[in-house]
Amino acid sequence: MARILIVDDEPTIRELFKYMFEEAGHQVALAVNGLQGLAALCDPLPDFIVLDVAMPVMSGKGFVLEMGNRALQDPRLASIPFVVMTGEDTMERELNEVFSASPGFICFFPKMVPPEQVVAKAVEVLGG
Amino acid sequence: MKTTLRLNLVILWTALFPLLTFVFCTRLTGLNTAYSLFVAVVSSAAVVFFSTSVITSGLIRPMVKVSESVKQFIKADFRLEAAIPKQGWPEAAGLTSALNRLMLELSAYRAFQFNQVLEERSKANALIETITDGLLLVDDRGGLIYSNSTALQLLGIDKHAPGIVLPGSVKKENFSAPIAKIMASDKKYLTEDVTEAVGVENFDAVRVFRFISNHFPLATMKHPGRVIMIRDITNEKEIEKAKESFFHMITHDMRTPLTSILGFSHLLVALTADDPKAAKYLQFIVNASNRLNGMISDILNSIKLERGTMELHIETFDVSALCAQLIDSLSPQSATKQIALSLALPEAKIQFPGDAALIERVICNLLGNALKFTPCRGSIKLSVVETPAELRFEIADTGPGVPESERSNIFEKFVQCEAHKSMGFGLGLAMCKMAVELHGGRIWVESEEGKGSRFIFTLPRKSGKAL
């Protein structure tokens, strides 16, 4: 069992991923924006994060940048693997660079990818 | 344990239990048959009740729960408040799980699609509201599907509401006519210009609006809708008017004094026949005036050719004489640069039906360019070859040549070789091309850089657009 953090402002998406991960036997925490996501980065830390890009209050980019800052204090944060869900057809280059530069970044998933693909990726990253 | 096995066991148990009770009562407890039968019936009822409740909690109750949740889900516009708790036997729990997944995915997908539509709509809205033209989308019956606020304001419609039908709902009289015309037309693309007095403060302001309409496919309807664009073209009209009066000025106001100069120069030539110096200077004046006159003709011809209003005055003329006269008139210019100007004509006189004045301007421009670009002590040759089908003119010079990259577009308006930016308008070759093409001919350049150019044009004996 792993701890999964889902950061997305769309409630239906949060519920869908929560259900999918719980069905796969994981423990799920939810956050509606980057700021709430940051608040969820406390012991026990999540093992895997599913992150949306465009969110009010704090975007996915803001979340990743702030997580990078906090990693200077707590190096464990740098190594949390995360996948990015994006609704954009073409990612802005700068945005792409921010995510790609982060050590925990795994990959992008276009919305609406079948959720089991995201679950399968998490299982793969967390070592089966 | 599998549901089928469970069901089998329950049914088997329900069937066997009364029998076992009966056997137990008669054999082991010694009850008589009637009592044993009674006990068996009672226990059978109890076991049926028990079995039913087992089946209900394992299968029926979860099914009812799932069915209610799905109905609730549909009623709540495909939003699942909470996942259905998994109950009952494994197959029932599996069904619950699959339905949970289906409903969650459906609601997420719907929300996603809805957001996408909203986003696309707001993008389109931002674009449509930003443009200064009025924009309307109407269905084939004139029902207003979409409009920007500029269009509503122009048509005097308060706000977009259901039931607005064009042209009936248009408050401004001047605007309902073009819309009625557009709606009644079968044409795919059409334009209508309307003049309308606008504004209260500057009450005398008159603006011109152009209605541009085009079909667009409506995915949901079998008939095409129409997009109507209302563009304020007052400024364009004013510019057009200014251009018209400028050209009028060139034709009349500049040509008139030039005609006087030329006329009186010719008179003076006759009067000063005994003074060679005066005759020479007067000839300069005549030549310069002729050149200026030619330039004015080129500008006017370009405009007419471009607008498609050029009318060819076709009459049979002597091409040989025209060429000889042109070479003659340019000889003073070529002499100053020591350029050898020569003419090669067939022996027989060439008679050709065409617009002599226009063809003269074409040859004159090509010779003028050759003179401009050929360095001192070079040579220029005008030759004409006649075949039964066409006349072929060639103006060859020993100038710098035309770079290959520029050969294809030097006949475009205002295009000049990089090296000659400051020389002339860039109208000459464009005018030549249009004039030759109006005669049904072709014009092109053959060149070798550093060695010279050959500008060639052909005029067919027939088949010209206006011939």
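Residues numbered from 1 in each chain as written. Chains lettered and ligands numbered in written order. Predicted model: local features only at pLDDT ≥ 70, side-chain atom pairs only at ≥ 80, totals over all residues. Heavy atoms only, no water.

Some words on the packing of helix α6 (residues 234-271) of chain B against helix α7 (residues 276-307) of chain B
Residues and elements named next belong to chain B.
1) Next: Between α6 and α7, whose axes approach to 10 Å, the crossing angle comes to 155°. Relative to α7, α6 is oriented roughly antiparallel. Crossing of α6 against α7: the hand is left-handed.
2) Next: For the contact of α6 with α7, a count of residues per class yields 16 nonpolar, 7 polar and 3 charged. (Axes fitted to C-alpha atoms, helices over the stretch in contact; angles between N-to-C directions. Helix = DSSP H or I, 4+ residues; strand = E, 2+ residues; numbered from the N terminus. Parallel < 35°, antiparallel > 145°, perpendicular 65-115°, else oblique. Left-handed = near helix turned anticlockwise from the far one by under 90°. Nonpolar A, V, L, I, M, F, W, Y, C, P; charged D, E, K, R; others polar.)

Looking at helix α3 (residues 60-71) of chain A
All names here are of chain A.
1) Next: Relative to the 16 Å expected for 12 residues at 1.5 Å per residue, α3 spans 16 Å between its end C-alpha atoms, a close match to the ideal helical length.
2) Next: Among all positions in α3, only Gly60, Phe63, Val64, Met67 and Ala71 are buried. In an axial view of α3, the angular spread of the buried residues amounts to 95°, which keeps them on one side of the axis. (Expected span 1.5 Å × (residues − 1). Buried < 20%, exposed > 50% of the residue type's maximum accessible area, 1.4 Å probe, protein only. Arc of directions from axis to C-beta.)

Here we look at the packing of aromatic side chains
1) Next: One pass over the structure, following the stated rule, counts 10 aromatic pairs over all chains.
2) Next: Consider the rings of Phe317(B) and Phe352(B), whose centres lie 6.5 Å apart with planes at 90°: the pair is edge-to-face. Of this pair, Phe317(B) sits in strand β6 (residues 315-318) while Phe352(B) sits in strand β8 (residues 351-354), placing them 35 residues apart in sequence.
3) Next: Plain terms: the ring middles of Phe393(B) and Phe457(B) are 4.5 Å apart, the flat faces sit at 5° to each other, and that makes the pair stacked. Residue Phe393(B) is found in strand β10 (residues 390-397), and its partner Phe457(B) is found in strand β12 (residues 452-460); the two are separated by 64 residues along the sequence. Exposure class is identical for Phe393(B) and Phe457(B). Each is buried.
4) Next: Chaining the aromatic ring pairs together yields one cluster made of Phe82(A), Phe99(A), Phe105(A) and Phe108(A).
5) Next: Residue placement shows Arg442(B) over the ring face of Trp444(B); its charged tip is 4.2 Å from the ring centre. (Phe/Tyr/Trp six-rings, centres within 6.5 Å; stacked < 30°, edge-to-face > 60°. Lys NZ or Arg CZ within 6 Å of the ring centre and 35° of its normal.)

Describing the sheet that holds strand β4 (residues 206-216) of chain B
Residue and element names in this part refer to chain B.
1) Next: Taken together, 5 strands build an open sheet; the order of strands is β2-β1-β5-β4-β3 and the sheet is antiparallel. Edge positions in the open sheet fall to β2 (144-147) and β3 (189-197), since each of these has one partner strand only. Taken pair by pair, the neighbouring strands of this sheet meet at an average axis angle of 20°, ignoring direction.
2) Next: In this structure, β4 lies alongside strand β5 (residues 225-232), joined through 8 bridges in antiparallel fashion. What sits directly across from Asn214, in β5, is Val227.
3) Next: Across the sheet, α6 is in contact with β3, β4 and β5; its angle to β4 comes to roughly 115°. (Pairing = 2+ DSSP bridges. Contact = heavy atoms within 4.5 Å.)

Focus on the nonpolar core
Across soluble globular proteins, nonpolar side chains show a tendency to be buried alongside one another.
1) Next: Core analysis: the largest hydrophobic core is formed by 43 residues, its most contacted members being Ile363(B), Leu366(B), Leu367(B), Phe393(B) and Phe457(B).
2) Next: Counting residues per element, this core draws most heavily on helix α9 (residues 356-373) of chain B, which supplies 9 residues.
3) Next: Ignoring sequence-local partners within four residues, the contact set of Leu367(B) consists of Leu326(B), Ile327(B), Leu330(B), Ile380(B), Leu382(B) and Ile395(B).
4) Next: Among the nonpolar cores identified, the runner-up in size contains 28 residues, and Ala2(A), Tyr19(A), Met85(A) and Ala108(B) belong to it. (Core = buried A, V, L, I, M, F, W, Y, C linked by side-chain atoms within 4.5 Å.)

Remarks on the environment of Ser342(B)
Residues and elements named next belong to chain B.
1) Next: Among the secondary structure elements, Ser342 is positioned in strand β7 (residues 340-344).
2) Next: The spatial distance from the C-alpha of Ser342 to the C-alpha of Ile327 is 7.5 Å, given a sequence separation of 15 residues.
3) Next: Excluding its chain neighbours within four sequence positions, the residues that come into contact with Ser342 are Ile327, Ile380, Lys381 and Leu382.

Examining the packing of α9(B) against helix α11 (residues 428-438) of chain B
Residue and element names in this part refer to chain B.
1) Next: Where α9 meets α11, the closest approach of the two axes is 9 Å, and the angle between their N-to-C directions is 145°. Regarding α9 and α11, the two cross each other, and that crossing is left-handed. Between α9 and α11, the contacting residues are Leu358, Arg361, Val362, Asn365, Leu366 and Asn369 on the first element and Gly428, Leu429, Met431, Cys432, Ala435 and Val436 on the second.
2) Next: Looking at the contact of α9 with α11 residue by residue, the classes come out as 8 nonpolar, 3 polar and 1 charged.

Re the side chain of Thr12(A)
1) Next: Tracing the chain through its elements places Thr12(A) in helix α1 (residues 11-23).
2) Next: Polar side-chain contacts of Thr12(A) include one of 2.8 Å to the side chain of Glu10(A).
3) Next: With residues up to four places along the chain from it excluded, the contact list for Thr12(A) reads Arg79(B), Leu104(B), Ser107(B), Ala108(B) and Ala111(B). (Polar contact = N/O pair within 3.5 Å; in protein donor to acceptor, adjacent residues only side chain to side chain.)

Examining the side chain of Arg14(A)
All names here are of chain A.
1) Next: Residue placement: Arg14 occurs in helix α1.
2) Next: We note that Arg14 is buried and unpaired, the nearest opposite charge coming from Glu15 at a distance of 5.6 Å.
3) Next: Not counting residues up to four positions away in its chain, the partners in contact with Arg14 are Ile6, Asp8, Asp9, Leu30, Ala31 and Val32. (Lys, Arg positive; Asp, Glu negative; His and termini not counted. Salt bridge = Lys/Arg side-chain N within 4 Å of Asp/Glu carboxyl O.)

Comments concerning the pattern of salt bridges
Residues and elements named next belong to chain A.
1) Next: Considering all chains together, one arrives at 26 salt bridges over all chains under this definition.
2) Next: Between Arg70 and Glu66 there is a salt bridge; the shortest N-O distance is 3.5 Å. One end of the pair, Arg70, and the other, Glu66, are both in helix α3, 4 residues apart, so they sit about a helical turn from each other.
3) Next: With relative accessibility at 33%, the residue Arg70 sits in the partly exposed group.
4) Next: Residue Glu66 is classed as partly exposed on the basis of its relative accessible area of 27%.
5) Next: Residues Asp74 and Arg76 are paired through a salt bridge, measuring 3.2 Å at the closest nitrogen-oxygen approach.
6) Next: Asp74 sits in the partly exposed class, given a relative accessible area of 22%.

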